[in-house]
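Notes for the structure review
Listed below, chain by chain, are the residues.
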Amino acid sequence: MRFKFLPPGIPISKRILDLLLTLLLLIILLPLFLVITLIVWIKYGTPILFRQERPGFHGNKFVIYKFRSMTDVRNEQGQLLPDEQRLTSLGRFLRSTSIDELPELINVLFGEMSLVGPRPLLTKYLERYSPEQARRHDVLPGITGWAQINGRNILSWEDKFRYDGWYVEHWSFWLDIKILLITIWKVLRREGIAQPGHVSAEEFMGEHIVEEGVEKKN
């Protein structure tokens with residue numbers, strides 16, 4: 001992780017907003033950070049943070065940070081049990097309140113993420129995107145975004161990418177302010193946490209069509 005005051009290609013107004021609000025939030029939320037750290041440590045032990053490589057701006061990879069919400073329980077073959085069996089009541093609370101995502105403020109502080117932007121998805125999805133879907137990487141990934149305030153995890157992948165594309169096309173300083181304000185309301189109401197039948201978002205498999213006997217991405 002390397003601090004970047006102004007990541008190349010990022011509007012300075014957006015970066016200044018990120019830095020000011022992130023520093024303010026880190027100061028205000030420090031007691032909450034300490035309490036959640038203690039609770040997660042008691043419940044799960046170490047590590048306290050969930051770390052995973054994600055693609056960011058222009059597909060450049062970085063490590064995202066979240067509070068752990070699952071155990072590491074495995075079956076007799078040493079394989080992790082399904083997510084729904086490892087997600088605890090504490091984990092559900094952390095996710096429903098979005099507290100699990102607070103460590104991502106560190107990613108924002110270092111210039112790897114923004115407060116607002118398309119959510120950083122799994123690295124393996126990169127090869128599954130259509131050119132239009134891949135445009136979501138033309139901006140910094142965000143903690144919240146246009147898709148999050150319009151349905152979050154209950155949206156289909158098609159709708160999520162459509163909202164992400166709209167944000168890339170219409171970004172403005174005031175749009176970010178609007179998204180942040182609506183996000184506060186959505187979090188308080190705990191809307192769109194997960195798709196029915198899933199503890200989180202369903203895996204994106206890519207869209208394929210078969211043309212003249214050749215499989216191609218749609």
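This one's a predicted model, so the numbers in the text were calculated from it and none came from an experiment.

**A short note on the overall build of the chain**
Tallying secondary structure elements over the chain gives seven helices and six strands in all. Starting at the N terminus and ending at the C terminus, the chain contains elements arranged as α-α-β-β-α-α-α-β-β-α-α-β-β. For the chain, the proportion of its 218 residues judged to be buried stands at 45%. Of the contacts formed within the chain by residues at least 6 apart in sequence, a portion of 67% connects residues at least 24 apart. Total accessible area computed for the chain in this model is approximately 12200 Å², and 60% of it derives from carbon and sulfur atoms.

**As for the pattern of salt bridges**
Proximity of charged atoms lets side chains of opposite charge pair with each other. Scanning all chains against the criterion turns up ten salt bridges. Between arginine 119 and glutamate 104 there is a salt bridge, with its nearest N and O atoms 2.8 Å apart. Linking arginine 119 in the loop between β3 (114-116) and β4 (142-144) with glutamate 104 in helix α5 (residues 104-109), this pair joins segments that are 15 residues apart in sequence. As a salt-bridge pair, arginine 128 and glutamate 203 come within 3.0 Å of each other at their nearest N and O atoms. Note that arginine 128 is positioned in the loop between β3 and β4 and glutamate 203 in the loop between α7 (173-189) and β5 (208-211), a separation of 75 residues in sequence. Salt bridges here are not isolated pairs; linked through shared partners, they connect Glu101, Glu104 and Arg119.

**Focus on the environment of methionine 113**
Here methionine 113 is to be found in the loop between α5 and β3. On the basis of relative accessible area, methionine 113 is assigned to the buried category, the value being 0%. Taking the C-alpha atoms as reference, methionine 113 lies 9.9 Å from proline 7; in sequence the two are 106 residues apart. If we ignore the near neighbours within four places in the chain, the residues touching methionine 113 are Asp18, Phe62, Ile64, Glu104, Asn107, Val108, Arg119, Pro120, Leu140, Pro141, Gly142 and Ile143.

**Some remarks on the pairing of strand β2 (residues 61-67)**
Burial of β2 is extensive: five of the seven residues sit out of reach of the surface. When strand β1 (residues 49-55) meets β2, the two strands line up antiparallel, connected through seven bridges. Pairing of arginine 51 across the sheet is with tyrosine 65, part of β2.

**Quick word on the nonpolar core**
Counting residues in each nonpolar core, the largest one holds 32 residues, and the members touching the most others are Phe67, Leu94, Leu115, Trp146, Tyr167 and Ile179. Of all elements in the fold, only α1 (12-28), α2 (30-44), β2, α4 (89-96), α5, β3, α6 (157-170) and α7 reach the threshold of two or more residues within this core. In terms of nonpolar packing, the next biggest core, distinct from the first, is built from six residues, Leu121, Tyr125, Trp157 and Phe204 among them.

**Some details on the packing of aromatic side chains**
Counted according to the given criterion, the structure contains eleven aromatic pairs. Following the ring pairs from residue to residue traces out a cluster consisting of Tyr125, Tyr129, Trp157, Phe161 and Phe204. The cationic tip of lysine 160 hangs over the ring face of tryptophan 157; the distance from NZ or CZ to the ring centre is 4.3 Å.

**Looking at the packing of α2 against α4**
Contact geometry of α2 with α4 gives a least axis separation of 11 Å together with a crossing angle of 150 degrees. Taken as axis vectors, α2 and α4 run roughly antiparallel relative to one another. Two packed elements cross with a definite hand, and for α2 against α4 that hand is left-handed. In contact with Ile36, Ile39, Val40, Lys43 and Tyr44 of α2, α4 contributes Leu90, Gly91 and Leu94. A breakdown of the residues in the contact of α2 with α4 according to their chemical character gives six nonpolar, one polar and one charged.

Reading the values: the criteria
- Residues numbered from 1 in each chain as written.
- Predicted model: local features only at pLDDT ≥ 70, side-chain atom pairs only at ≥ 80, totals over all residues.
- Heavy atoms only, no water.
- Helix = DSSP H or I, 4+ residues; strand = E, 2+ residues; numbered from the N terminus.
- Buried < 20%, exposed > 50% of the residue type's maximum accessible area, 1.4 Å probe, protein only.
- Contact = heavy atoms within 4.5 Å.
- Areas by Shrake-Rupley, 256 points an atom, 1.4 Å probe, with all protein chains shown as cover.
- Salt bridge = Lys/Arg side-chain N within 4 Å of Asp/Glu carboxyl O.
- Pairing = 2+ DSSP bridges.
- Core = buried A, V, L, I, M, F, W, Y, C linked by side-chain atoms within 4.5 Å.
- Phe/Tyr/Trp six-rings, centres within 6.5 Å; stacked < 30°, edge-to-face > 60°.
- Lys NZ or Arg CZ within 6 Å of the ring centre and 35° of its normal.
- Axes fitted to C-alpha atoms, helices over the stretch in contact; angles between N-to-C directions.
- Parallel < 35°, antiparallel > 145°, perpendicular 65-115°, else oblique.
- Left-handed = near helix turned anticlockwise from the far one by under 90°.
- Nonpolar A, V, L, I, M, F, W, Y, C, P; charged D, E, K, R; others polar.

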